Every structure is written in C-alpha cells, then in structure tokens.
Amino acid sequence: MALNQQRKPFSIGGPVLLIVLLALSLACVVLYAWEDEDGTMHSVQNAVSGIVAPFKFVGSFGGSLISSAGTAIGDATASESAREALREQNLELSERAGQLERYVQEDQALQEVLDLRDVYGSASVDARVIGRSADAWNRIVTIDKGSDAGIESGYAVTGQSGLVGTVVSTTASTADVRLVKDAQSSVSAMVQSSRVEGSVRGSIGGALHFENMASDATVEEGDVIVSSGLDGMAARGIIIGTVTGVEKNANGATVRATVAPNGEVALMQDVHVVIGAQSEGANAPSAEEAESDGDASSASSLSGLRAENQELRERVARLEEYMQESERLQALVDAQEAYGFESLGARVIGRSSSEWERSITIDRGSDDGLKSGMPVMGQAGLVGMVVSTTSETAKVRLVQDAQSGASAMVRSGNIEGIVRGSVEGVLYFEDMAADAMVNEGDVVITSGIGGSYFKGLVIGTVTKVERNASGSTMRAVVAQSGDGGLLQEVLVVLSMQSEGAASSTFKDPNAQAGASASGSNAAGSNGAGGSDASGSAGTSGDDGGDGSGEDPSSTDPEGDDGNES
C-alpha cells in the first residue's frame, strides 16, 4: 500500500519570527535616532500621527466627558470651608496682582531707555490638548495645531497654570508636547526671589526636581520656581511650581529640591505655543482682563476656584518678574548716567558650564556694533570684557575667569596692581609695590593703564588681606560689587562721554593677550603714570586720559564706598 505523503507549506516558527521582528525593531530605533527630523523614519512617524489624529480627538473627547463627570462629583461633594479658603487666597492674589500692575509700564519704559529686547512679551498660537501617551514611561500630550500653524520642535508650551512643556515633534495639523514632568525633560530655571539658577528635571515617577545649582546655593520650601530662559526654549519668568521639599548635604548646602507643579494638564485643556517675539507695544494682560478671565469660570465651584487660583498664581509670578527687572534696569540706568558712558543694553542668554571657564553669552553681537575688547558693566561694577562676537551674540569673559586680568588701583590711595581671576572664581588684587598697604574695605577700581579697561570702573571691595612678615600687602581678596554670578542684564560700554574719562580706543584681547598685565607692570615701576589706550603719556599718577585729574569713579551709582560691596 502506497504511503500518502503531503508536503507541508514552509512557515517561520514562532521563535524565529520573534527574533526577526526584534531585529527589525532595533534597526528602526537605531535609524530613527541616527537620522535628522527630515529622515524617512521621522516622515513615517509624522504620517501615521497625522492619520490617527482624528481618532485621538474622538478618544480624548470621551476622556474629557469622563473627566468632566469626575469634576462635577468633586464640586458637589466639596466642603464650604475648602471653597472659602480658596476664595480668600484668590482675593489676596488678585490684590497682589493689582499692586504689581504698575511695574509693567515702568519696566517697558526702562527697556526702551536701555534698548533692551523684551523677553516677557511673546506671540503664541492657541491650541487644545487632544490626546496623551498611554504608557507610564512617556508623559507626552498631543495638541491640535502643527507645522501649518507655524509650530516647530523646541517651542515652549504654556497653559493657565504656567509652563506645560516643549514641542518635540509636529505634523501638519498636530504636535506632540513633552511635559515638564517627563523623565527626559529639562528646563533652565531659577528661584524667583533669589535668582538662584539651576534646572528643573522630570522623573519616571512624575516628580519634578530643581537641581544643578551652585554649591553654595540656598533654596527654601515655599520658593517659587520660574523659567530662566537660558536654554532658549522657554521665555524667562514662566511659573513652573513651588518648592515643597529640600535635600541638603552634610555642609547644609542644597543638593536638590522637590517642586510641586502649579497645575496639571488635562485633556481638552487650552494651551499656548510660544512662537516668537510679541509685537511692539504688547504687554502683560491688564488687571481688568485678568478679572474678566476669572469671571468666565464658576466663582462657587471648587474646580472653578482652583482654575482661578492657578491663573492668578501664574499672573502674580509674571508681574513679580516685571517688578524685579524694573529694579535691576533702574540700577543700570543709574550706572549709565553716573559714569557718563555711551552703552548698549544686553541680556544674558547663556553661561559657561565648565568650572575652568567663567563666561556669559549676551544677545547682542557685531550687527549691533560690538567688538572684542569692549568692557561690560553690571548694576554696580565691572563684569568683564567682550572676547568674541557673532552677528547676533557676544561672548563675555568675566573678571573672575582665570585668564582675566585688569590693571587696577585702590580708589582712596594711588596703590596700583592687577586684579586677576582664578580657577575657583575668586578675585585677587596683586602685583603691588613692595611697600603697598591695602586694607579691608578699600574699593578697587580699574586704573585704565594698558588700555584694556577705562579708568574708574568699580571692580569690588577688599574683604581679606594677605601680608608678608614686614606687614606689607602681598595680595588682597576682592569681593565683586553687585549681582556677581546672577547677572540677568548688562551694559556694553561703547565709549566714554564724560570729561576726564579714558580713551575710547579698544584693544582686542585676542590680538594682544596680556595687555593689561604689561601695562600694570609698567605702572609698578613708574608710579608717576603710564600710557593709556590712545598712547598719551600719563601725569601725576593718572593714565593720561584724565586731563583734569578727576576720578570718574567718584560718581559711581552707589554714591559712597560703603555701599559697593
């Protein structure tokens, strides 16, 4: 009897198929990470996202109904004491906002005087949340506006509660936003009251942490954390949350702080995508507009009171920024008038992250007339010098940098030397005459010798003196005047206008390294003077630029020596 044999069709077994699929998935992940945003994998992702966008909207609508039902139940069961507590808090916040309102116009007037660019006003695109990631590893929401509305990756997204997140990808009609609580999220931030800078990072568990602060930074519970704008993503002053816990090391220094967000992002919530600078003359919403916005929500329901509370907190935080900035800008205007120099205002948009380099980046460049060698001033004294420029930005080497050196002198006496930075960021006044006597409290100013800096710019105050066996000064520690490492705005000195000021000829530190050092050495061997930037011979201990012998630093904005430390 013949055997009836049947050939089985060829098939890939389960384990083999699994391995093939894993290999393909790995290849897709590698290709996605390797290519840019215009690559094939990104295009496929965007196409799929565009196709499923309507389904996300339908799904989010259902989720919104469930969320609304839960909110209604919460409103119905809320106690009157809870609502009354929120009413009182909202009233206090509203009164505070009214008190701060005047600073908006004051700040904008000062910005115009200093020719500063407004970092608070910004144009935005209104959008609505239509979906969110389903897994616990990613905290991403989808909004109903995309590249057709001018939205791009990297744009900040805000809501009624403050900063929401950052756009990470777009299609023509939608955009994905990574929330600040996502583990991959990092936002440059600062404590609003003290201006302590750091970064707010998300976590897998959804907690927000404020970290990467200076080693001597102090952060306390209750501090309000706002965006600093240094990462170029979020505008300065957008509220992120409030510190609820602080972790300190054995020395008492803050290691990191836990931040409670000002509010949560719900489905169907309206958001704003910040897309650029606001039109000239625009400003923060008026008190009447804020009040009318609050009237739109129920004044009696718990959810309405919470929403109003979030909006008021965000508004007060923004107005606090206007108030603090107006105070800083007024100090810059006072310095500008007291010293009598022609200058250009600039904002700090970046800081060096290396401990070996102490520099800042400002939002003015060669297109604005900046060039290497120009001095940079802060609220109360010398900040540093421009060392390089692009068309729109400039790098400023701070006086604390180890490569920095400025010919200097004690203002009360004609003791000359050099102020140098150091790796640890401490300023030292050294290379003085052998019999020099420097005392704590002495104010140190630039001498103008060597042409690196104008004469009379306040550097700081002596806080410690190191002497040799005979009692003569070896070197002195100088505490920088003013805002130090918390610089927000600066003045780039273009030329000196007042009579008796040093020459307005600048020396490029890249082309002539060590100019200040050589000039100071010449001063040390000849106490009767030296030569200024223009080459004029100095007389009677002056640097030649001061024909009248009057010290321009005597008109410093503080008015006396005791207020410059």
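Calculation criteria
Residues numbered from 1 in each chain as written. Predicted model: local features only at pLDDT ≥ 70, side-chain atom pairs only at ≥ 80, totals over all residues. Heavy atoms only, no water. Core = buried A, V, L, I, M, F, W, Y, C linked by side-chain atoms within 4.5 Å. Buried < 20%, exposed > 50% of the residue type's maximum accessible area, 1.4 Å probe, protein only. Helix = DSSP H or I, 4+ residues; strand = E, 2+ residues; numbered from the N terminus. Contact = heavy atoms within 4.5 Å. Pairing = 2+ DSSP bridges. Axes fitted to C-alpha atoms, helices over the stretch in contact; angles between N-to-C directions. Polar contact = N/O pair within 3.5 Å; in protein donor to acceptor, adjacent residues only side chain to side chain.

Engineer: Requested: an account of the nonpolar core, with residues and values cited.
Structural biologist: Judged by nonpolar contacts, the single largest core of 38 residues is most densely connected at Met377, Phe429, Val438 and Val444. At five residues, the largest contribution of residues to this core is made by helix H6 (residues 302-339). Apart from the residues within four sequence positions on either side, valine 438 is in contact with Val410, Ile415, Phe429, Met432, Val462, Val465, Arg467, Thr473 and Ala476. In this structure, Val191, Val219, Ala234 and Ile240 belong to the second largest nonpolar core, which totals 21 residues.

Engineer: Tell me about the sheet that holds strand E9 (residues 224-227), and name the residues and values.
Structural biologist: Strand order in the closed barrel formed by six strands is E6-E7-E8-E11-E10-E9, and the pairing between neighbours is antiparallel. Averaged over all adjacent pairs, the angle separating strand axes in this sheet is 40°, with direction ignored. Bridge analysis of strand E6 (residues 186-191) against E9 gives three bridges, and the strand direction is antiparallel. Bridged to alanine 189 within E9 is serine 227. Running at roughly 85° to strand E10 (residues 239-248), H6 makes contact with E6, E9 and E10 of the sheet.

Engineer: Describe the side chain of glutamate 197, naming the residues involved and giving the relevant values.
Structural biologist: Relative to the elements of secondary structure, glutamate 197 occurs in strand E7 (residues 197-201). There is a polar contact of 3.5 Å between the side chain of glutamate 197 and the side chain of glutamine 488. Contact partners of glutamate 197, with chain neighbours within four places excluded, come to Ala189, Met190, Phe210, Asn212, Met213, Ala214, Leu230, Arg351, Leu487 and Gln488.

Engineer: Help me get a handle on the sheet that holds strand E21 (residues 443-446), residues and values and all.
Structural biologist: Taking strand neighbours around the barrel as the criterion, the six strands line up as E18-E19-E20-E23-E22-E21 in a closed arrangement whose pairing is antiparallel. Averaged over neighbouring strand pairs, the angle between their axes works out to 40° when direction is ignored.

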